[in-house]
Every structure is written in C-alpha cells, then in structure tokens.
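# Tertiary structure, described
Listed below, chain by chain, are the residues.
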Amino acid sequence: MTEKKPISSDDDVTIVPTGCCHDCGGRCVLKAHVKDGKIIRLETDNGEEPQIRACLRGRAYRQRVYSPDRLKYPLRRTGERGQGQFERISWDEALDIVASELVRIKETYGNSAILLAGGTGNQGMLHGVNPVGLMLLHFGGFTRTWGAASYEGALFASMATYGTISTGNTRDDLLNSRLIIMWGWNPANTIQDPGTSLHLAQAREKGIKIVAVDPRYTDSAATFAHQWIPIRPGTDTAMLIAMAYVIIVENLQDQAFIDKHTVGFDKYKDYVLGKEDGIAKTPQWAEAITTVPAEVIANLTREYATTKPAALIAGWGPARAAMGEQYCRAANVLTAMTGNIGIHGGYASGFMRAYSSRETRGPHGSGNPVEEGAPPRKDSLYKLRGGTNPNSARIHSAKIFDAILRGRAGGYPADIKMAYVVATNYINQNPNTRRGVEAFKSLEFIVVHEQLMTPTAKFGDIVLPVNTFMERSDIAPPWLGSPYYIYLNKAIDSLYESKSDLEICRELSKRLGIPQTLGDETEDELLRAIAATRGDIPDYEAMKRDGVLKIKTPEPIVSFKQQVEDPENNPFPTLSGKVEIYCEHLAEMNNPTIPPIPNYISHWENYDDPLVTKYPLQLLTTHYKTRAHSTWHNVPWMRELEPHSVWINTADAEARSIKDGDLVDVYNERGRIRIPAKVTERIMPGVINVSQGAWYEPDEKGVDHGGCANVLTNDEQSPGGAVPMNTALVQVELAPQG
Amino acid sequence: MTQMGFYFDQTRCTGCYACAVACKDWHDIDAGPVNWMRVHIIENGKFPNLSAAYLASPCYHCANPPCVLACPVDAITQRESDGIVVVDQEKCLGNRECRTLCLNACPWKAPQFGPEENAKMQKCDLCLERLERGQQPICVEACPMYALDAGPLDKLKAKYGDAVEAEGFSYSARFKPSVTFKPKPREQ
C-alpha cells in the first residue's frame with residue numbers, strides 16, 4: 001500500500017502509520033502527522049480496500065496524548081488514598097520502593113498476596129499487562145481474577161455449546177444472509193470489528209431484513225433495523241425459549257441438521273413443551289415476562305425459521321447479567337435448531353470469534369506458581385480447552401473487592417495485601433465501586449501504571465507514568481478476529497518522564513533479581529520474533545512499513561463449515577463431538593442454576609424481585625460512543641458530544657417531575673450518582689441507562705458527580721461466570737436543589 | 001464555473017461523529033463552540049414506534065450564499081473557480097462589531113465563532129488545501145460508513161441523484177445550497 005500523493009505539502013511533516021489499541025471493539029489504522037517531534041494531526045486508512053477507518057475515538061487521540069492531565073513523572077502519595085495528593089519523586093526512588101514492597105509482601109505473606117489487577121486497556125502484545133504478568137511470574141507468581149466483565153457469559157455458553165470460542169463469521173458474510181437479528185447488539189457504537197456497521201448498511205441496501213431486539217432504540221436499531229422489538233432486560237432467555245417453542249409446535253426445525261450435528265434436542269423439547277416442569281414455554285408465557293407481545297415473538301420465530309440462511313447475532317450485553325449464560329445458550333441452540341451453523345449467511349452466535357489471530361489452544365497450565373496444584377473450579381468447563389482457565393486459585397472479578405476485604409477467612413483462596421495495577425481503571429470498572437474503594441483502602445501497598453490520574457490511580461501509593469501507543473511500537477491483533485494486524489509504529493518520543501510498561505518492568509526486574517526475565521531486545525526485535533511465530537505474517541517489513549497487514553481470504557470466513565460439510569472427519573470440539581443442546585459437562589456440575597439445557601431462571605434484581613417496590617427501575621450500563629470503557633473519558637473533543645447522562649423514558653421522567661437536562665440522582669443501597677437526565681423515547685419504560693466508563697468523582701457525602709455506573713452495579717457473579725453489569729435495580733429522583 | 005458541493009447518504013449515517021472529530025483535529029479546533037461540521041439528531045415518534053435520523057451539517061457552499069450578501073465588509077466571498085465560500089478573517093469585523101450578520105443569515109448556521117472577544121468568523125472551507133492536493137475533505141475520508149462525498153455538484157448529482165431535501169434539512173431555492181442527499185424515509 002502506497003500513498004498516492006504526499007499527504008502534507010509541508011516537507012518537514014512525517015506520516016507515521018500506527019493504530020489504535022485500547023479496549024474498544026475496533027483496532028483501526030491511524031496515520032500520525034509528525035512535525036518537529038509533535039503530532040499535529042491524524043488521518044486514518046486511505047489505502048487499499050477494505051479500509052480500516054478509525055472511529056471518533058481514534059480521531060480524537062491527539063487530545064489524549066497531549067492532555068494536560070498526562071502523568072509526567074513518578075509520584076508518591078502524600079494524602080489519603082483516593083484524595084489525589086502526590087509528590088514528584090525520581091524513577092530510581094519510585095522503582096526502589098515498588099521493588100522493596102514486592103519483596104516485603106512476598107517474604108511476609110507469600111506471592112498469593114500480590115494481586116495482578118491487570119486490565120485490557122492496552123491491546124498491544126508488548127505492553128500493558130503482558131510484561132507485568134511475565135515479571136511477576138518469574139518473581140514467584142501472583143493472584144489473578146477470572147470472569148471477563150465484557151464477555152464471560154457469552155464465552156461460557158460458547159464453550160458449553162460448541163467447545164470453542166471460534167464461532168463467528170467475518171462481517172462480509174452478512175451480505176449472504178436473508179435475515180439478520182441484532183439481539184442486544186449495537187455495533188454502531190461498539191464497533192464490533194471495523195466494517196461491521198458498513199456491512200449492515202450494505203445488507204439493508206441489498207434488501208436483507210434486519211431486526212433489532214433491545215431495550216433501547218440504539219443507533220444501530222435506528223440506522224439498520226426494519227423492526228425494533230423492545231425487550232425487558234434480564235428476560236431475553238424467556239423470549240428465545242419461546243421461539244424454540246414456536247419452532248417445535250409448528251415443526252419448523254431443521255430436523256436433518258439436528259439429527260446429524262447436535263445432541264440433546266429431545267431433552268430441550270421436554271423442557272420447552274413443559275414436560276419437565278409443567279410450564280409450556282409459549283409466546284404468551286414469554287410475553288408476561290418480556291413484555292414482547294406473543295404475536296411478535298411468534299412472527300419473528302416464523303421468519304427466522306423459514307428464511308434461510310439467517311443470522312441471529314446474540315450480542316454480549318444481555319449476557320452481561322445474572323444468568324447471562326442462559327441467554328447465550330438459548331440463542332446458540334436456536335441457531336442449531338434452524339440449521340444456521342456452518343453455512344454462508346447463517347450464524348452460530350456463541351463467542352463469535354471469526355479469525356483466530358490470537359486464539360490459544362494450549363493446556364490449562366499458566367506457569368504461575370501460585371496456581372500450581374489448585375484443582376479446577378467446580379463451576380468450570382475444565383474438560384475443555386480454549387476457554388477460561390478453570391484454576392480455583394483465581395478469584396471471580398465481580399468478587400475481587402470482597403475477596404480483598406475478607407480473604408481466606410471469607411472462603412477465598414488468598415489474603416491479598418498488595419495490588420499491582422496496570423492498564424485498568426480497576427475500581428471504576430469492576431462492579432460496586434464503593435466497595436472497591438473500601439477494598440483498596442485496606443491494602444498495604446498499591447502500585448499503578450497509568451497515563452492519566454484516574455479514580456483508581458488516586459489510590460496508588462506509587463504511580464508510574466506510562467507512555468501512550470503513539471510513543472512506542474507494538475503489534476495489535478484485531479478484536480473479535482477480522483483478518484488483519486495493526487502495526488503500531490512509534491510516532492513520537494515518550495512525553496515527559498513517561499516510560500513504556502515494558503521498560504518499567506525491565507527496570508523493576510533488575511531490582512527484583514530476575515534481570516533476564518524480559519530480556520533487552522528492542523521493540524523491533526521482539527515484534528519481529530512474534531511475527532515469525534505466526535503463520536499469517538509473511539512479510540514483517542511490509543507490515544511495519546504500512547502499519548497494517550490485511551490478510552486476503554478467498555471467501556468470507558464461516559465457522560464450523562468443515563464440521564457441517566464433513567462431520568465424519570471434523571467433529572465439533574465438544575466432548576460429544578456435536579453441538580451440545582444438552583451439555584453433559586454442565587449436567588455433571590449438578591447445579592440447578594447452571595442447567596445442562598438452556599433455562600429461563602429469574603434472579604436477584606430482576607424485574608420481579610420484591611426489591612422493585614423500593615427500586616423500581618432496571619439499570620443498563622451500556623458502552624458509550626465517546627469512550628472505550630473508561631478510556632477517553634477526559635478528552636474534551638469527546639466530552640462535548642452527547643455529554644454523559646442517564647437515559648430515562650418520558651413516562652418515567654414525567655412521573656418523577658424530571659425534565660430533559662435536569663440534574664438527577666440515581667441510587668440504590670450501593671451508592672448514589674448525580675448526573676443530568678436525558679429524557680427520551682429511545683429507552684423502554686421501566687429501564688434506565690447509565691453508560692459505563694465515566695470517572696468516579698465522589699463528594700464528601702459519597703455522592704458520585706462523575707456518574708460512574710459501577711457505583712450502582714452488584715458485585716455478585718452469575719453462576720456461569722457472567723459479570724452482572726446489566727442487572728441492578730435503582731430509583732431516580734431530582735437532585736436536591738442548591 | 002464548477003460549483004463544488006457535498007453528498008450525504010442519510011440512510012447510512014449512524015451519528016458517530018467521526019466526521020466532526022476528524023474535522024476538529026485536522027483544522028486544529030479546540031473543543032468549544034466552533035464546529036465546522038455538526039451532526040444533528042432528528043427523532044420522531046413515541047415509544048415504541050420511533051424513527052431517528054442524523055444530519056451531517058457542514059457549510060453547504062450555496063450558489064447564492066446569504067452570508068456573502070449579509071457581510072457588511074465583503075469578508076466572505078465565493079471563489080469564482082469552484083464556488084467554495086471562504087472567509088477572509090483579516091477583513092471580518094468580528095462578532096461583537098457586526099453582531100454575526102452572516103450567522104443570522106444562514107439557515108444552517110454554518111458560520112462559527114470562537115469564545116474569544118470579538119471572534120472572527122470561521123467555517124468549513126471544504127478542506128481547500130486537501131482538495132488542491134487531490135485529496136478528499138477530511139470528513140469524507142473519515143466517514144466509516146462512506147456516507148459523505150464531495151466534488152463538483154453536477155457530478156455528485158449524476159452519481160447519486162438530485163434529492164435536495166432530507167430529514168432535518170429544507171432546501172432553499174433562493175440560496176441554492178450545494179448539496180445532494182440520499183434522504184432517510186421517516187417510516188421504517
């Protein structure tokens with residue numbers, strides 16, 4: 001790929017090809033225009049098609065790099081944790097303190113007392129959590145969490161049904177569908193691989209019908225969908241099961257596919273028809289639960305079952321809930337019942353990885369001495385490979401604050417004494433932020449790698465300034481797996497005294513007596529070596545020069561094509577070798593909340609919890625278009641667009657005398673936030689939305705004026721591991737005047 | 001004269017603001033009141049029967065630009081070669097002196113003023129410097145949905161049709177804004 005013309009007439013402007021690598025659903029091309037060592041503006045992909053065009057976040061990145069709030073030098077805390085009072089210290093002093101604290105904690109309590117609070121804020125291979133994890137492994141290990149807030153429910157269901165997370169198709173295959181159902185899926189905001197929205201628009205232009213099932217009339221619903229079906233949060237599973245009912249009683253299933261490729265349909269049929277529990281899962285039954293009219297459910301079912309191929313895309317949002325696994329299981333099973341697996345234009349749903357540029361299929365071992373010998377968790381799919389590590393020394397992410405506070409006495413595998421925080425705004429982005437505050441206050445030592453003074457960094461005893469991806473080189477694989485890589489060329493020198501995560505860990509390793517852990521190769525040498533281990537990077541130099549490698553595939557990638565076309569030689573990677581409508585591995589758990597077939601199971605803080613008398617509104621904490629989780633929160637170009645607010649339906653607002661723009665309190669037993677109301681028809685009555693990622697900013701009374709959604713979320717785990725970010729009951733009222 | 005203009009495919013726009021942010025970055029405009037490219041949201045209906053559309057709103061470089069007529073000191077001119085409407089900030093009196101006569105005259109509020117005292121008018125110039133180098137305006141190149149295009153208006157109309165109205169946009173026969181649309185029908 002070459003530039004047609006020089007992009008700037010300025011001879012002293014250099015264009016550096018790089019890309020965005022925070023934790024959004026993208027991973028896009030950026031071209032930094034650098035003059036006198038400073039980025040003066042950005043372009044995105046203007047090369048060969050398909051172009052990987054950056055979204056608004058990437059386009060605003062210059063303001064993040066040059067933010068006045070960038071951390072400039074190492075800091076030592078001088079005030080109370082959380083107050084944000086620090087003094088400048090030298091790198092030597094800062095690293096000496098971190099090293100001596102690591103040694104002290106290890107010698108006093110053992111390595112399990114060290115929590116690697118590592119996040120996904122950096123998606124490059126060399127930096128972020130990776131070097132810290134490697135360093136701590138060689139230091140004798142650490143405690144870590146399992147349960148990805150984003151997708152654990154979808155992942156668990158994907159493994160249980162298909163034995164793999166590679167269940168998706170590349171987005172170009174959407175054009176082969178005849179019907180697309182976007183269930184709890186809003187790629188217009190969440191990207192879900194660059195080009196997804198474009199392909200949806202093209203599908204619509206081609207005449208393909210698109211339906212959105214979502215409590216909100218999202219940008220995706222508004223732009224792509226012919227039909228919007230609002231559904232009550234926490235009840236998606238009921239509607240999907242009722243769809244199975246309609247298929248069964250009207251005999252619309254693809255029986256040949258079911259017979260050949262699945263196990264357990266009859267058991268599911270018994271449950272759906274009510275032979276198991278006396279309740280037939282009719283559309284009328286589901287209407288009472290979901291608020292979706294029975295006729296709408298029946299009609300959508302008939303369309304889905306008779307319009308082949310059809311793509312039911314079960315987004316991760318509804319799975320980010322109590323019993324969220326059941327929703328994805330029910331969706332996966334529906335795709336099997338209709339034979340929409342392994343064919344162009346169909347979709348198996350599941351975890352939805354398409355191109356396996358970063359899948360690992362190794363054994364479960366982690367090399368972490370702290371985890372050695374620990375048995376698998378009894379709620380894990382430990383017999384399968386390629387999913388979540390089942391090691392019982394790991395603590396579920398929703399429970400981590402409780403684990404810090406209660407330790408072994410509370411039944412957890414470790415007494416945590418220090419947190420090593422990297423690439424995450426930990427207390428902001430895990431459920432129940434105020435419990436996180438309590439937990440972080442209880443620790444003996446906290447070190448934070450950060451670019452900005454986040455709410456979490458304010459709790460650090462030592463805060464180390466980290467450079468941005470513009471100041472280092474890396475390779476970033478795509479997100480769910482479109483066939484490409486982004487090569488991030490370093491565009492500018494590290495600002496102020498900031499260093500890369502890798503540089504910091506190398507310095508620390510020397511002090512910890514493990515100097516060889518991270519080697520001393522240059523970024524280029526390391527990246528060249530990584531590229532050499534991949535079968536799909538034929539020309540490292542070209543990838544580096546272009547900043548992107550687009551891998552050509554002869555046709556759209558469709559998961560399970562081989563399994564469906566030639567099942568004798570290509571079993572599904574489940575224990576039975578088939579799509580598991582009934583999963584024996586789940587049955588062995590003998591846990592009624594993780595049943596072997598998908599079940600609708602109501603749960604705490606659902607619409608029918610008696611708690612609704614006090615907290616009558618269901619809270620969603622969706623992704624926001626101006627942030628990737630909590631990254632970009634304080635970028636002015638982002639903050640001026642559709643400012644952070646709570647979405648509330650007109651009827652719910654009127655009942656509370658709330659007008660659009662009024663400052664309101666959203667609260668429950670866990671906390672209270674104070675932000676403006678966005679009074680809108682675009683969210684169903686009874687439901688409100690506070691997009692996650694805004695920064696926690698408590699006043700002296702503990703009221704959060706930043707609008708951090710996790711002040712309100714519940715730090716419970718769903719039985720299969722889903723993190724219940726969309727399961728919380730709240731009340732809304734006008735904020736006190738004055 | 002060739003009249004340059006915009007094409008906007010309203011059926012594709014997701015309201016993502018990539019165009020607006022790319023514009024601010026390219027032209028180095030701070031967050032604040034100056035927005036050469038604006039994105040409007042047009043919502044209709046009551047739950048659950050809704051529709052929503054977005055309108056990308058730069059300067060439409062009218063064939064008969066009202067801002068040019070309104071300016072008391074001829075600071076705003078229409079380029080003879082391509083009809084692009086440009087402002088000479090040296091001549092502009094500033095918004096305190098003239099009380100934003102150009103802005104008041106423009107039905108689409110394209111003229112922009114910064115927060116500074118007696119701010120001079122600025123607005124979309126169709127990325128003149130990029131056009132001169134054979135490149136598309138930054139908003140066009142930024143759009144992840146390929147919903148924007150720019151070029152000679154007659155060519156845009158030949159390629160995309162000549163719908164002159166869209167949700168949130170009323171055509172003015174008097175000013176002749178240089179834009180053509182693929183409008184979004186209100187009923188889904």
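This text follows the structure it describes.
Residues numbered from 1 in each chain as written. Chains lettered and ligands numbered in written order. Predicted model: local features only at pLDDT ≥ 70, side-chain atom pairs only at ≥ 80, totals over all residues. Heavy atoms only, no water.

### Some words on the overall build of chain B
Counting its regular elements, chain B contains seven helices and seven strands. Against the 2.2 N^0.38 benchmark of 16 Å for 188 residues, chain B shows a C-alpha radius of gyration of 16 Å, consistent with a compact globule. Of all 188 residues assigned to chain B, the portion counted as buried reaches 57%. Taking contacts inside chain B between residues at least 6 apart in sequence as the whole, the part at least 24 apart equals 61%. A total of about 8,000 Å² of accessible surface is found on chain B, and carbon and sulfur atoms cover 51% of it. (Helix = DSSP H or I, 4+ residues; strand = E, 2+ residues; numbered from the N terminus. Rg over C-alpha atoms; globule rule 2.2 N^0.38 Å. Buried < 20%, exposed > 50% of the residue type's maximum accessible area, 1.4 Å probe, protein only. Contact = heavy atoms within 4.5 Å. Areas by Shrake-Rupley, 256 points an atom, 1.4 Å probe, with all protein chains shown as cover.)

### Some points on the pairing of strand S1 (residues 13-19) of chain A
All names here are of chain A. The buried fraction of S1 amounts to five of the seven residues, a majority that puts the element mostly inside the structure. Sheet topology places S1 next to strand S2 (residues 29-35); seven bridges connect them, and they run antiparallel. If you follow Val16 over to S2, its bridge partner there is Ala32. (Pairing = 2+ DSSP bridges.)

### Topic: the pattern of salt bridges
This model, assessed by the stated rule, comprises 58 salt bridges over all chains. As a salt-bridge pair, Asp25(B) and Arg62(A) come within 2.6 Å of each other at their nearest N and O atoms. Of this pair, Asp25(B) sits in helix H1 (residues 18-26) while Arg62(A) sits in helix H2 (residues 61-65), which puts the two residues in different chains. Judged by its relative accessible area of 0%, Asp25(B) is buried. Residue Arg62(A) is classed as buried on the basis of its relative accessible area, which comes to 11%. Notably, a salt bridge pairs Asp662(A) with Lys659(A), separated by 3.9 Å at the nearest N-O pair. Owing to a relative accessible area of 18%, Asp662(A) belongs among the buried residues under this scheme. One salt-bridge network, in which partners are shared between bridges, spans Asp92(A), Asp96(A), Glu507(A), Lys510(A) and Arg511(A). (Salt bridge = Lys/Arg side-chain N within 4 Å of Asp/Glu carboxyl O.)

### Overview of the interface of chain A and chain B
By a frequent convention, interface size equals the accessible area lost on bringing the separate parts together. Taken residue by residue, the interface counts 52 residues in chain A and 46 residues in chain B. Interface of chain A and chain B: buried area, both sides summed, is about 3,900 Å²; carbon and sulfur atoms make up 51% of it. Run the count over chain A and chain B and you get eight salt bridges. With a shortest N-O distance of 2.8 Å, Arg682(A) and Glu43(B) are connected by a salt bridge. Secondary structure elements with two or more residues in the side of chain A that touches chain B: strand S3 (38-44), helix H1 (56-59), H2, helix H7 (196-205), helix H8 (219-224) and helix H23 (636-639) of chain A. Among the elements that make up the side of chain A that touches chain B, the one with the highest residue count is H7(A) (six residues). A per-class count over the side of chain A that touches chain B returns 24 nonpolar, 13 polar and 15 charged. (Buried area = accessible area lost by both parts, 1.4 Å probe. Nonpolar A, V, L, I, M, F, W, Y, C, P; charged D, E, K, R; others polar.)

### Some points on the nonpolar core
Grouped burial of nonpolar side chains is what soluble globular proteins tend to show. Residue and element names in this part refer to chain A. Residues Ile180, Trp183, Tyr268, Met337 and Met470 are the most contacted members of the largest nonpolar core, which totals 163 residues. If you tally residues by element for this core, the top one is helix H9 (residues 236-249), at 10 residues. Setting aside chain neighbours within four positions, we find Met470 in contact with Thr18, Leu30, Ala32, Ile39, Leu42, Tyr61, Val65, Lys490, Ala491 and Ile492. (Core = buried A, V, L, I, M, F, W, Y, C linked by side-chain atoms within 4.5 Å.)

### What about the side chain of Ser559(A)?
Residues and elements named next belong to chain A. Note that Ser559 resides in the loop between strand S19 (548-550) and helix H21 (561-565). Classification of Ser559 by relative accessible area gives buried; the value is 7%. Polar contacts involving the side chain of Ser559 include one to the main-chain carbonyl oxygen of Gly168, which spans 2.5 Å. (Polar contact = N/O pair within 3.5 Å; in protein donor to acceptor, adjacent residues only side chain to side chain.)

### Some words on the layout of surface pockets
Residues and elements named next belong to chain A. Each pocket or cavity is described by its volume, and for the second largest pocket that value is around 790 Å³. For the lining of the second largest pocket, the secondary structure elements donating two or more residues are H1, helix H6 (187-190) and H7. Ranked by residue count, the leading element in the lining of the second largest pocket is H7, at five residues. For the lining of the second largest pocket, a count of residues per class yields 21 nonpolar, 13 polar and 10 charged. (1 Å grid on protein atoms, 1.4 Å probe; cavity = no way out; pocket = protein on both sides within 12 Å on 5 of 7 lines; lining within 4 Å. Points joined across faces, edges and corners; volume = space filled by probe spheres on them.)

### Observations regarding the sheet that holds S2(A)
Spatial ordering of the open sheet is given by S1-S2-S3 (chain A), a layout of three strands whose pairing is antiparallel. Lying at the two open borders of the sheet, with one neighbouring strand each, are S1 and S3 of chain A. Each adjacent strand pair in this sheet contributes to an overall mean axis angle of 30°, direction not counted. Relative to S3(A), H1(B) is tilted by about 150°, and along the sheet it contacts S2 and S3 of chain A. (Axes fitted to C-alpha atoms, helices over the stretch in contact; angles between N-to-C directions.)

### Regarding the environment of Pro309(A)
Residues and elements named next belong to chain A. On the secondary structure map, Pro309 appears in the loop between helix H13 (294-306) and strand S12 (310-314). Through-space distance from the C-alpha of Pro309 to that of Gly346 is 4.9 Å; in sequence the pair is 37 residues apart. Here Pro309 is in contact with Asn176, Ser177, Arg178, Leu179, Asn340, Ile343, His344, Gly345 and Gly346, once residues within four sequence places are set aside.

The quantities given are spatial measurements derived from coordinates; they are silent on function.
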